[in-house]
Amino acid sequence: MATKFKEEEIITAQPTSPKTPTAEMMKTFEMFEKMGAKPKADTPEDLKNWMMEYLMSQGALKEQKPEPAPNLQPHSLVAPPKPVNVTKMMMNHPPKITWFSGTEPKAGDTTYELWRHEVQCLLKQNYEQDAILNAVRRSLRGEAGLVAMRLELNATVKVIIQKLDSIYGSVDKKEELLAEFYGSRQRPTESVTAWSCRLEGIIGKAVDRGLVQRQDVDNMLHAMIWTGLKPHLKDISGHKYDNDLIRLW
């Protein structure tokens, strides 16, 4: 007996005709044809993978390589050494030097030898060089101040002293300086203290010029202080000559 199908079932069972390509699809096909590309488009995933491979082959897309894992070193059990902070001791008060004016001394001035000695002492102390330089410039007045002013603004303490030495320093020759020391005698109105200081000033110049070694100063002073004493003082102090220092004051 023949099976009867409904009209709707017969129509449904017939194969459907393919859709007509749209204008956009035709343009895409033409573009692939011009590029000479044959896409693999069996599935959407295949089409996606093919497009990625094609772009990378044309250099339009770079392959992204996975970043290497960071190399984490184990923490050291020994702590790194701490930086050593070297601090320099600073004086609370700026240094002060006695005034010096040059060949025309003013009230409160000192001699060049004493002024120079003060500066040399400061250089051996724990002051900053800029602080000493400012103190030196403030201590110079009158003619001496003009001499320092004519030097360069960045002149150091050493340069200033060298310039002042050439003007106010002693210019005695070696032979004259040593002859003055060995030929000096205590003056009639001069105390033993003043006589000793005068000898120390002469021998100090010889030391600064390298004519006498500092370790020889005490013996030279010891001998010359007694030798140059007034005759009546030598008579009463002869038994003390072998002492390290003659103490009559």
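Refer to the structure presented above.
Below: a short report on this structure. (Residues numbered from 1 in each chain as written. Predicted model: local features only at pLDDT ≥ 70, side-chain atom pairs only at ≥ 80, totals over all residues. Heavy atoms only, no water.)

**A closer look at the overall build of the protein chain**
Next up, step 1: Along the backbone of the protein chain there are eleven helices and zero strands.
Next up, step 2: The buried share of the protein chain, reckoned over its 249 residues, is 23%.
Next up, step 3: Partitioning the contacts of the protein chain with sequence separation of at least 6, the portion at a separation of at least 24 is 52%. (Helix = DSSP H or I, 4+ residues; strand = E, 2+ residues; numbered from the N terminus. Buried < 20%, exposed > 50% of the residue type's maximum accessible area, 1.4 Å probe, protein only. Contact = heavy atoms within 4.5 Å.)

**Focus on helix H7 (residues 157-168)**
Next up, step 1: The terminal C-alpha atoms of H7 lie 16 Å apart, and with twelve residues this matches the ideal 16 Å at 1.5 Å per residue to within 8%.
Next up, step 2: Of the residues making up H7, those classed as buried are Val157, Ile160, Ile161, Leu164 and Tyr168. Burial along H7 is one-sided: seen end-on, the buried residues are contained in an arc of 95°. Exposed and facing more than 90 degrees away from the buried side of H7 are Lys158 and Ser166. (Expected span 1.5 Å × (residues − 1). Arc of directions from axis to C-beta.)

**Overview of the packing of aromatic side chains**
What describes a pair of aromatic rings is the distance from one ring centre to the other and the angle between the planes of the rings.
Next up, step 1: Applying the stated criterion across every chain, the model contains six aromatic pairs.
Next up, step 2: A centroid spacing of 5.9 Å and a plane angle of 20° characterise the contact between tyrosine 112 and tryptophan 115, whose relative ring orientation is stacked. With tyrosine 112 and tryptophan 115 both in helix H4 (residues 112-123) and three residues apart, this pair spans about one turn of that helix.
Next up, step 3: You can call tyrosine 112 buried: its relative accessible area is 5%.
Next up, step 4: The buried category is assigned to tryptophan 115, whose relative accessible area is 0%.
Next up, step 5: Relative to tyrosine 182, the ring of phenylalanine 181 lies with its centre 5.1 Å away and its plane at 80°, an arrangement referred to as edge-to-face. (Phe/Tyr/Trp six-rings, centres within 6.5 Å; stacked < 30°, edge-to-face > 60°.)

**Re the side chain of lysine 230**
Next up, step 1: In this fold, lysine 230 is placed in the loop between helix H10 (217-227) and helix H11 (231-237).
Next up, step 2: No salt bridge forms around the buried lysine 230; measuring N to O, its nearest opposite-charge neighbour glutamate 190 is 7.6 Å away.
Next up, step 3: A polar contact is formed between the side chain of lysine 230 and the backbone oxygen of proline 188, at a distance of 2.5 Å.
Next up, step 4: The contacts of lysine 230, once residues within four sequence positions are left out, are Gln186, Arg187, Pro188, Thr189 and Glu190. (Lys, Arg positive; Asp, Glu negative; His and termini not counted. Salt bridge = Lys/Arg side-chain N within 4 Å of Asp/Glu carboxyl O. Polar contact = N/O pair within 3.5 Å; in protein donor to acceptor, adjacent residues only side chain to side chain.)

**Some details on the nonpolar core**
Next up, step 1: By size, the foremost hydrophobic cluster in this structure holds 21 residues, and its most contacted members are Trp115, Val136, Leu140, Ile160 and Leu164.
Next up, step 2: Elements with a minimum of two residues in this core: H4, helix H5 (129-139), helix H6 (142-149) and H7.
Next up, step 3: For this core, the element with the most residues is H7, which contributes five residues.
Next up, step 4: Setting aside residues no more than four positions away along its own chain, leucine 164 makes contact with Tyr112, Trp115, Leu140, Ala144, Val147 and Gly169.
Next up, step 5: Counting 17 residues, the second-largest nonpolar core is a separate cluster that includes Val192, Ile202, Leu221 and Ile225. (Core = buried A, V, L, I, M, F, W, Y, C linked by side-chain atoms within 4.5 Å.)

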